[in-house]
Amino acid sequence: MAQQYLALEFIDKSFERGGSRTEVLSQVSLGVAKGDFISIIGHSGCGKSTLLNIIAGLTPATSGVVFLEGQTVEAPGPDRAVVFQNHSLLPWLTVYENVALAVGKVFRGRKSRAEQHDWILHNLDLVQMVHASDKRPGEISGGMKQRVGIARALAMEPKVLLLDEPFGALDALTRAHLQDAVMEIHARLGNTMIMITHDVDEAVLLSDRIVMMTNGPAARIGEVLDVPIARPRNRIELAGDRTYLKCREAVLKFLYERHRFVEAAE
Amino acid sequence: MSVAKLNQVSATSPVRSGTPARILAFMPRRPSQGMVAEAGRILRGVITDLLPPLITTLVLLAIWEVLCSSPTAPLPPPSRVLVDSWQIIVDPFYRGQGTDQGMFWQILASLQRVAVGYTLAAIAGIALGVLLGQSQWAMRGLDPIFQVLRTVPPLAWLPLSLAAFQDGAPSAIFVIFITAIWPVIINTAAGVRNIPQDYRNVARVLRLGGLEYFARIMLPAAAPYIFTGLRIGVGLSWLAIVAAEMLIGGVGIGFFIWDAWNSSLISDIIVALVYVGVVGFFLDRLIALAGRLVTRGTATA
Ligand SMILES: Nc1ncnc2c1ncn2[C@@H]1O[C@H](COP(=O)(O)OP(=O)(O)O)[C@@H](O)[C@H]1O
Ligand SMILES: [Mg+2]
């Protein structure tokens, strides 16, 4: 595991609340190669966000270690940028200023003012949001906000980009557009990306590997599925592709046959 | 807040729809009609906004006039007030000896005291509020004390501050300070505690440090709460200044009222009350406006 770019080793996480203790994650280990696109899929409440927050350093693991390039992850930082589920743009800043806050902080002393300006516009351009630079988050649609959230995260030049159900709140059409945008950015920049989703098609379309989590409490990694489909991928061509369908079926089987019991309990 | 949002949407939607050309085509033909309609709209706005309070004011004045019209009435009717106090009504910039000053100077003196005390209260209140909002320990240790102290009536502080400062001027300012600070502290603390976890997480991922976090995240996120506190505070300080000045003397609207009472100039008191009310109203609106300007955009996430 030592040679892995990003490595999770025996992560346990339990929350204490008023004397009672809930075990959320149990013995989660995972290695991620540089440039990999990984999806984490599982039923809601199983601990996906908790796992992502542990990688981000926002939540400390109860035990276990996260290594990034051989260094242990102790605290959050811009090398593990997060795209939050509800965009988390600061409403009092414009689109440009939201990205500028991140760029100014990360590249202080490394880029001149003019270079920072170019870099902000470059990243807004990656998600096709330059036209809305001067708008505030309250003035743009949900899909646009999510794009800006992605631009902000990309602008930090993170080693790993963490996406927590980035398209969960969007309509199907916007969602498809953004999936394509993310695939294109991944192809262009070669970032390492870890994305949480509960959408099977999204997972198969975007991922190199799909990490399937068992139901909580004490969720584990149930299975890791390789998605051996060549890139660039096209959602329409893939619709009838045999590998695609097989992967899709495998994930569906995992989620709805082998790990459905909690749904009934909920 | 939802109203502001609606306004925003309706204000931007014509730009987004991008087809105003058809509407414009009709406009040049009859510009006069557009102007008339515009003037009509403004007039209607004036009528709906100004007419009702004007009517109620006139009705109330009439009732007052009738009630106090008998020669034995203890209070003068409005017509009497006008006659008695004509001097101070028409010459607010009068300059005399000592406390014999026009209404403008009286109000200005009071406003200066309020400005000093209130500014200090705002700064200290926000600082303490941030401390309480950030630190569980500060919250547990200080909140009970503040909850007790804030119920002490403003004037109860006056003898104590007179004893401490040995002088009227700083005592009045202290009373303003101690009156205005509680709502600022309490609301700021609430604002800081209610900063969404999302914003905190953004700050943590970016590793925004103390001062950066304070300026870029905490203040703007808590601004709506802070301004609520500031607005309550300015109202309270205006309430307190009149009472405090009655006791400490000198130029100022409070002592003016007290002086008028001692000289049995009831009409002057009534004129002063109108001034106090109007100034208090504008102070409140001023802070509300400042709040709206500062928190513009924050309301809609
Ligand atoms: N701060 C917390 N304190 C206590 N329990 C928590 C906390 N955060 C998450 N949990 C619990 O951990 C479980 C997993 O939550 P989460 O990681 O958000 O799930 P998912 O993202 O897969 O829907 C849930 O049962 C949730 O109630
Ligand atoms: Mg989640």
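Just so we're clear, the structure is a prediction, and the values are computed from it rather than from any experiment. (Residues numbered from 1 in each chain as written. Chains lettered and ligands numbered in written order. Predicted model: local features only at pLDDT ≥ 70, side-chain atom pairs only at ≥ 80, totals over all residues. Heavy atoms only, no water.)

S.K.: So what's going on with the overall build of chain A? Which residues, and what values?
M.R.: Regarding its fold elements, chain A presents nine helices and 10 strands. Its C-alpha radius of gyration of 19 Å places chain A within 12% of the 18 Å reference for a compact globule of 266 residues. Projected onto the principal axes, the alpha-carbon positions of chain A cover approximately 55 × 50 × 40 Å. Residue burial in chain A is summarised as follows: out of 266 residues, 54% are buried. Once the 30 positive and 32 negative side-chain charges of chain A are each reduced to a mean point, those two points are 2 Å apart. (Helix = DSSP H or I, 4+ residues; strand = E, 2+ residues; numbered from the N terminus. Rg over C-alpha atoms; globule rule 2.2 N^0.38 Å. Buried < 20%, exposed > 50% of the residue type's maximum accessible area, 1.4 Å probe, protein only. Lys, Arg positive; Asp, Glu negative; His and termini not counted. Charge placed at Lys NZ, Arg CZ, Asp CG, Glu CD.)

S.K.: Tell me about the pattern of salt bridges, and name the residues and values.
M.R.: Applying the stated criterion across every chain yields a total of 17 salt bridges over all chains. In this structure, Glu69(A) engages Lys159(A) in a salt bridge whose closest nitrogen and oxygen atoms are separated by 3.1 Å. Of this pair, Glu69(A) sits in the loop between strand E4 (63-68) and strand E5 (71-72) while Lys159(A) is found in the loop between helix H4 (142-155) and strand E7 (160-164), placing the two residues 90 residues apart along the sequence. Among the salt bridges present, the one from Arg231(B) reaches Asp284(B), with a minimum N-O distance of 3.0 Å. Placement of the pair is Arg231(B) in helix H11 (residues 210-248) and Asp284(B) in helix H13 (residues 266-294), with a sequence separation of 53 residues. By relative accessible area, which is 22% here, Asp284(B) ends up partly exposed. (Salt bridge = Lys/Arg side-chain N within 4 Å of Asp/Glu carboxyl O.)

S.K.: Give me the lowdown on the confidence of the model for chain B, citing residues and values where you can.
M.R.: Residues and elements named next belong to chain B. Looking at chain B as a whole, the pLDDT averages 86, with 87% of positions reaching at least 70. By mean pLDDT, the top-scoring element of chain B is helix H6 (residues 103-134) (95), and the lowest-scoring one is helix H1 (residues 2-17) (39). Segment residues 1-29 is flagged for pLDDT under 50; beyond a separation of four residues in sequence, or across chains, it makes five contacts in the model. We note a pTM of 0.81 for the whole complex and an ipTM of 0.88 for its interfaces. (pLDDT = per-residue confidence, 0-100. Contact = heavy atoms within 4.5 Å.)

S.K.: I'd like a description of the packing of H6(B) against helix H7 (residues 136-149) of chain B, backed by residues and values.
M.R.: Residues and elements named next belong to chain B. In the contact formed by H6 and H7, the axes pass within 6 Å of each other and the chain directions differ by 125°. When the axis of H6 is compared with that of H7, the two are oblique. Along the contact surface, H6 presents Leu-128, Leu-131, Leu-132 and Gln-134, while H7 presents Gln-136, Ala-138, Met-139, Leu-142, Asp-143 and Phe-146. Its residues assigned to classes, the contact of H6 with H7 comprises seven nonpolar, two polar and one charged. (Axes fitted to C-alpha atoms, helices over the stretch in contact; angles between N-to-C directions. Parallel < 35°, antiparallel > 145°, perpendicular 65-115°, else oblique. Nonpolar A, V, L, I, M, F, W, Y, C, P; charged D, E, K, R; others polar.)

S.K.: Got a sec to walk through helix H8 (residues 157-165) of chain B? Specific residues and values, please.
M.R.: Residue and element names in this part refer to chain B. Within the sequence span of H8, burial applies to Trp-157, Leu-158 and Ser-161. For H8, the buried positions fall inside an angular range of 95° around the axis, keeping them on one side. Those residues of H8 that are exposed and aimed more than 90 degrees away from the buried face are Pro-159, Leu-160 and Ala-163. One or two residues past the end of H8 sits Gln-166, with phi positive at roughly 60°. (Arc of directions from axis to C-beta.)

S.K.: Give me the lowdown on the interface of chain B and chain A, citing residues and values where you can.
M.R.: Contacts between the two partners involve 21 residues from chain B and, on the opposite side, 28 residues from chain A. Put simply, chain B and chain A have two salt bridges between them. Taken together, the links from chain B to chain A amount to seven residue pairs in polar contact (both at pLDDT 80 or more). For the side of chain B that touches chain A, the secondary structure elements donating two or more residues are H1, helix H10 (197-205) and H11 of chain B. Considering each element in turn, the side of chain B that touches chain A owes the most residues, six residues, to H10(B). Its residues assigned to classes, the side of chain B that touches chain A shows nine nonpolar, five polar and seven charged. (Polar contact = N/O pair within 3.5 Å; in protein donor to acceptor, adjacent residues only side chain to side chain.)

S.K.: How would you sum up the nonpolar core? Please name residues and give values.
M.R.: Counting 146 residues, the largest nonpolar core has Ile194(A), Val204(A), Ile210(A) and Val251(A) as its most contacted members. Counting residues per element, this core draws most heavily on H11(B), which supplies 14 residues. Those residues in contact with Ile194(A), other than ones at most four positions away along the chain, are Leu6(A), Val32(A), Ile38(A), Ile40(A), Leu52(A), Ile55(A), Val160(A), Leu161(A), Leu162(A) and Leu163(A). (Core = buried A, V, L, I, M, F, W, Y, C linked by side-chain atoms within 4.5 Å.)

S.K.: Tell me about the site of ligand 1, residues and numbers included.
M.R.: Residue and element names in this part refer to chain A. Around ligand 1, a shell composed of Phe-15, Arg-17, Val-24, Ser-44, Gly-45, Cys-46, Gly-47, Lys-48, Ser-49 and Thr-50 is seen. Here an oxygen atom of ligand 1 sits 2.8 Å away from a polar atom, N or O, in the main chain of Lys-48. In the environment of ligand 1, an oxygen atom lies 2.5 Å from a nitrogen or oxygen atom belonging to the side chain of Thr-50. In the complex, the protein chains occlude 61% of the 560 Å² of accessible area that ligand 1 would expose alone. Only strand E1 (6-17) and helix H1 (48-56) provide two or more residues apiece to the shell around ligand 1. Top element by residues in the shell around ligand 1 is H1. It accounts for three residues. Among the residues forming the shell around ligand 1, the class breakdown is three nonpolar, five polar and two charged. (Near = heavy atom within 4 Å. Areas by Shrake-Rupley, 256 points an atom, 1.4 Å probe, with all protein chains shown as cover.)

S.K.: Give a detailed account of the sheet that holds E7(A), specifying residues and quantitative values.
M.R.: Residue and element names in this part refer to chain A. The strand order across the open sheet formed by six strands is E6-E7-E8-E3-E9-E10, and the pairing between neighbours is mixed. Each edge of the open sheet carries a strand with a single partner, namely strand E6 (80-83) and strand E10 (221-226). Pairs of neighbouring strands in the sheet enclose a mean axial angle of 20°, with direction left out of account. As paired elements, E7 and strand E8 (residues 192-197) share five bridges and run parallel to each other. If you follow Val-160 over to E8, its bridge partner there is Thr-192. Together, E6 and E7 form the strand contacts of H4, whose direction differs from that of E6 by roughly 180°. (Pairing = 2+ DSSP bridges.)

S.K.: Any chance you could break down the environment of Ile287(B) for me, citing the residues and the numbers?
M.R.: Residues and elements named next belong to chain B. Mapped onto the secondary structure, Ile-287 falls in helix H13. Placed 53 residues apart in sequence, Ile-287 and Val-234 show a C-alpha to C-alpha distance of 7.8 Å. Ignoring sequence-local partners within four residues, the contact set of Ile-287 consists of Tyr-118, Phe-227, Leu-230, Arg-231 and Val-234.

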